[in-house]
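Next come the chains, spelled out residue by residue.
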Amino acid sequence: MANPNAIPMVPQSATQSPLKRWLQRGIVGAITLFFLYIVLVMYSQNEPIFALVTLLFATGFAFIFTSERAYVWRYVFPGLAGMMLFIVFPIIYTLGISFTNYSNLHLIDYSQARTYFLNQTYIAEGGDSYDLSLYEQGSDYRIALTAGSDNQLYVSQDAVPLINTEQITLQMEAAEFAPELSEAPRTAAIKLRGALDNVRLELPDGTALFKSRLTQFAPSYPLWEPGEGDTLVNQQDGTVISPNYETGYFETRDGTALNPGFTVGVGFDNFTRVLTDRGMFDPFLQIFTWTMSFSSFTVIICFVLGLTLASLVQWEPIKGRTLYQVLLILPYALPSFISIMIFRALFNQNFGEINFILDSLFGISPDWNSNPNLTRGMILFVNCWLGYPYMFILCLGMLQSIPKDLYEASGIEGSGMFNNFFRITLPLILKPMLPLLIAAFAFNFNNFVLIELLTKGGPIMIGSNPPAGETDLLVNYAYRLAFRGDSQDFALASTISTFIFIMVGIIAYLYLKVTKVEVGRKRS
């Protein structure tokens, strides 16, 4: 039954003046047209995925800010758009790449690869050649060509600066005399050889000329011509190539692949390779185990160390507790990358202060950067140094929130220091600390900066193909696959990133469960 005293909802448009309403629609329309222009540009640049995402954004924006029914969504649209743009879309795009062969050898699609071959040209041996002369016209140059057979002279219609880095085309016209300009010295052709490589000269009959020697131009011809079906035929030697849609290469009939390759879908091949290829599965399993161990040990050690120091600093008989607190927090105040670079110098095998002291006292000089176990120990030590102040601050605040009456009552019952710690302090701290410990685990699971600055993932794991580092975390391993080495395999790196996303998703789910957030249903 309707409430007679309820105030009826009045649409905002009913309270706006017509001028303000049309001004709002004009602004929304202008912004929408701008994004539609961006869509056309992206589509023309052969980026259909980005064009589709931008089109969906523009459509949603126009609907929400012009429809009264979607009025309430105007407040959450910026946040939803940001989440879709910076979280959901990168995840979907990365997942999509993992089902392809996208790499530095397969950066372009099939049509672009075919166009690349069709644009290739060659200069016929023994063909006509044209001698080059340059004439200075201010700071620019006029180009003159003399035919070797009939001494016909051709002069460029325009003067150019010849500092270009992109290919330009100059129209040549027949002339009886050289330009009445100062001829440039012969060394000018050497000085401008890079720019002349990008000059295409076109004779009056349409013949295209390219530089064949330092001071000569010659006609060029298409190297490849379309054959039957999707094949291409080499005009010099008759070689026939055809696209292989499984490998992503144009191949000769004997199976020789020609670069560049093109991107094709490979299904679950990358996932299968990671899980079945011994050259990848063994390193992946070892890196996964090290990543889990590194994250777990770091969180546990930092928590125990932070809680112990916080408990000691809270002990009343200790004098100067404030000073100790400041000193213990100092590593947290210093930028982490500076601390990492300092430790990298200290642990240097040949010139580091740590090895100098150990060699002086005990006659040993550990191979911190060559022995995998020592390298992992060094990483754990440095990370604990960087991480314990955070746990120390959290534990210090939680210890101060515990009522002292509990300890007084426990003391009356005759409990000692250790009994109070395990029966009062630890239970009261552990429960509120658990979500923070899970968050710290997730952070260290992807602690890319520490590994990259301290060891770069080294030493290299023997037998790994592609190469993997003994101290690589999963995120560092994905970075290595994508941006290091001769074969930058972005698809394989995306596959590893997908596994990382799954693990982080599991961690996030555990975090939500620990913090009592019901997933998928309302709380009662």
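Residues numbered from 1 in each chain as written. Predicted model: local features only at pLDDT ≥ 70, side-chain atom pairs only at ≥ 80, totals over all residues. Heavy atoms only, no water.

## Observations regarding the pattern of salt bridges
A full pass over the atoms with the stated rule returns nine salt bridges. Between D277 and R273 there is a salt bridge whose closest N-O contact spans 3.9 Å. Put simply, E452 and R484 hold a salt bridge, and the shortest N to O gap is 2.4 Å. With a gap of 32 residues between them, E452 in helix α16 (residues 448–454) and R484 in the loop between α17 (474–483) and α18 (490–514) connect regions that are remote in the sequence. Via salt bridges that share partners, R273, D277 and D489 belong to a single interconnected network. (Salt bridge = Lys/Arg side-chain N within 4 Å of Asp/Glu carboxyl O. Helix = DSSP H or I, 4+ residues; strand = E, 2+ residues; numbered from the N terminus.)

## A short note on the pairing of strand β5 (residues 168–175)
Along any regular strand the residues' side chains alternate between the sheet's two faces. By the bridge criterion, four bridges tie strand β4 (residues 153–156) to β5 in an arrangement that is antiparallel. Looking across to β5, one finds that L153 is bridged to A175. (Pairing = 2+ DSSP bridges.)

## Regarding the confidence of the model for the protein chain
Across the protein chain, the average pLDDT comes to 86, with 94% of residues at 70 or higher. The low-confidence segment residues 6–10 (pLDDT under 50) makes one contact with residues lying over four places distant or belonging to another chain. (pLDDT = per-residue confidence, 0-100. Contact = heavy atoms within 4.5 Å.)

## Brief notes about helix α4 (residues 77–97)
The terminal C-alpha atoms of α4 lie 28 Å apart, and with 21 residues this matches the ideal 30 Å at 1.5 Å per residue to within 8%. Its maximal kink placed at M84, α4 deviates by approximately 40 degrees. F77, A81, F89 and I97 are the residues of α4 that are buried. Residues of α4 that are buried make contact with α3 (48–64) and α18. (Expected span 1.5 Å × (residues − 1). Bend = angle between axes of the 7 residues up to and from the residue. Buried < 20%, exposed > 50% of the residue type's maximum accessible area, 1.4 Å probe, protein only.)

## Quick notes on helix α11 (residues 336–346)
Of the residues making up α11, those classed as buried are S339, I340 and F343. Along the axis of α11, the buried positions cluster into a sector of 100 degrees, meaning they face one direction only. In this fold, the buried residues of α11 make contact with α13 (372–401) and α16. (Arc of directions from axis to C-beta.)

## Focus on the side chain of H106
For H106, the position within the fold is in the loop between α4 and α5 (110–119). The buried category is assigned to H106, whose relative accessible area is 7%. Among the polar contacts made by the side chain of H106, one reaches the main-chain carbonyl oxygen of T247 at a distance of 3.3 Å. Those residues in contact with H106, other than ones at most four positions away along the chain, are N101, T247, G248, Y249, G261, F262 and T263. (Polar contact = N/O pair within 3.5 Å; in protein donor to acceptor, adjacent residues only side chain to side chain.)

## Describing the nonpolar core
Counting residues in hydrophobic clusters, the biggest one holds 45 residues, and the most contacted among them are I429, M433 and I496. Element by element, the count of residues in this core is highest for helix α9 (residues 278–313), at 10 residues. Beyond its immediate stretch of four places on either side in the chain, I496 contacts V274, F284, L474, Y477, A478 and L481. The next biggest cluster of nonpolar side chains, apart from the first, holds 22 residues, and it includes I143, L162, L170 and L192. (Core = buried A, V, L, I, M, F, W, Y, C linked by side-chain atoms within 4.5 Å.)

## Concerning the pairing of strand β9 (residues 216–222)
Of all seven residues that make up β9, five are buried, and the element is covered over most of its length. Sheet analysis places strand β2 (residues 130–137) next to β9, joined by two bridges and oriented antiparallel. In the sheet register, Y130 faces β9, and the bridge partner there is F217. Alignment of strand β8 (residues 208–213) against β9, held across four bridges, turns out to be antiparallel. Residue pairing in the sheet places K211 in a bridge with F217 of β9. Linking two consecutive strands that pair antiparallel, namely β8 and β9, is a turn of two residues.

## Considering the sheet that holds strand β14 (residues 257–258)
Strands sit in the order β10-β11-β12-β13-β14 across an open sheet of five strands; the sheet is antiparallel. Of all the strands in the sheet, just β10 (224–226) and β14 have a single pairing partner and so form its edges. Relative to strand β11 (residues 232–234), β10 runs antiparallel, the two being bridged by three bridges. Each bridged residue has a counterpart across the sheet, and for P226 the counterpart in β11 is L232.

## Regarding the packing of α9 against α13
The contact between α9 and α13 brings their axes to 6 Å, and the two run at 45 degrees. Classified by the angle between their axes, α9 and α13 sit oblique to one another. Of the two possible hands of crossing, α9 and α13 adopt the one that is right-handed. Broken down by class, the residue content of the contact of α9 with α13 amounts to 20 nonpolar, six polar and one charged. (Axes fitted to C-alpha atoms, helices over the stretch in contact; angles between N-to-C directions. Parallel < 35°, antiparallel > 145°, perpendicular 65-115°, else oblique. Left-handed = near helix turned anticlockwise from the far one by under 90°. Nonpolar A, V, L, I, M, F, W, Y, C, P; charged D, E, K, R; others polar.)

## Side note on the packing of aromatic side chains
With the rule as written, the count across this model stands at 40 aromatic pairs. With a centroid separation of 6.2 Å and 45 degrees between ring planes, the pair formed by F61 and F77 is classed as tilted. Of this pair, F61 sits in helix α3 while F77 sits in helix α4, and the two are 16 residues apart along the sequence. Given a relative accessible area of 11%, F61 falls into the buried group. A relative accessible area of 12% means that F77 is categorised as buried. An angle of 50 degrees between the planes, with centres 5.2 Å apart, marks the rings of F284 and F499 as tilted. Taken together, the positions of F284 in helix α9 and F499 in helix α18 put the pair 215 residues apart, joining distant regions of the chain. The buried category is assigned to F499, whose relative accessible area is 19%. Aromatic ring contacts, followed pair by pair, group Y110, Y116, F117, W224, Y245, F250 and F262 into a single cluster. R25 extends its terminal NZ or CZ atom over the ring of W22, reaching a point 5.3 Å from the ring centre. (Phe/Tyr/Trp six-rings, centres within 6.5 Å; stacked < 30°, edge-to-face > 60°. Lys NZ or Arg CZ within 6 Å of the ring centre and 35° of its normal.)

## Quick notes on the environment of L426
The topology assignment puts L426 in helix α15 (residues 417–445). Take L426: its relative accessible area is 21%, and that puts it in the partly exposed class. When the C-alpha atoms of L426 and L307 are compared, they prove to be 9.0 Å apart, with 119 residues separating the residues in sequence. With residues near it in sequence (within four places) discarded, L426 still touches F303, L307 and F421.

## Comments concerning the state of the cysteines
Scanning all chains against the criterion turns up zero disulfides. Here C302 is not cross-linked by a disulfide; its sulfur's nearest cysteine counterpart is in C384, at 4.2 Å. For C302, a relative accessible area of 3% gives the class buried. With no disulfide of its own, C395 lies 11 Å from the sulfur of C302, the closest cysteine sulfur. (Disulfide = S-S within 2.5 Å.)

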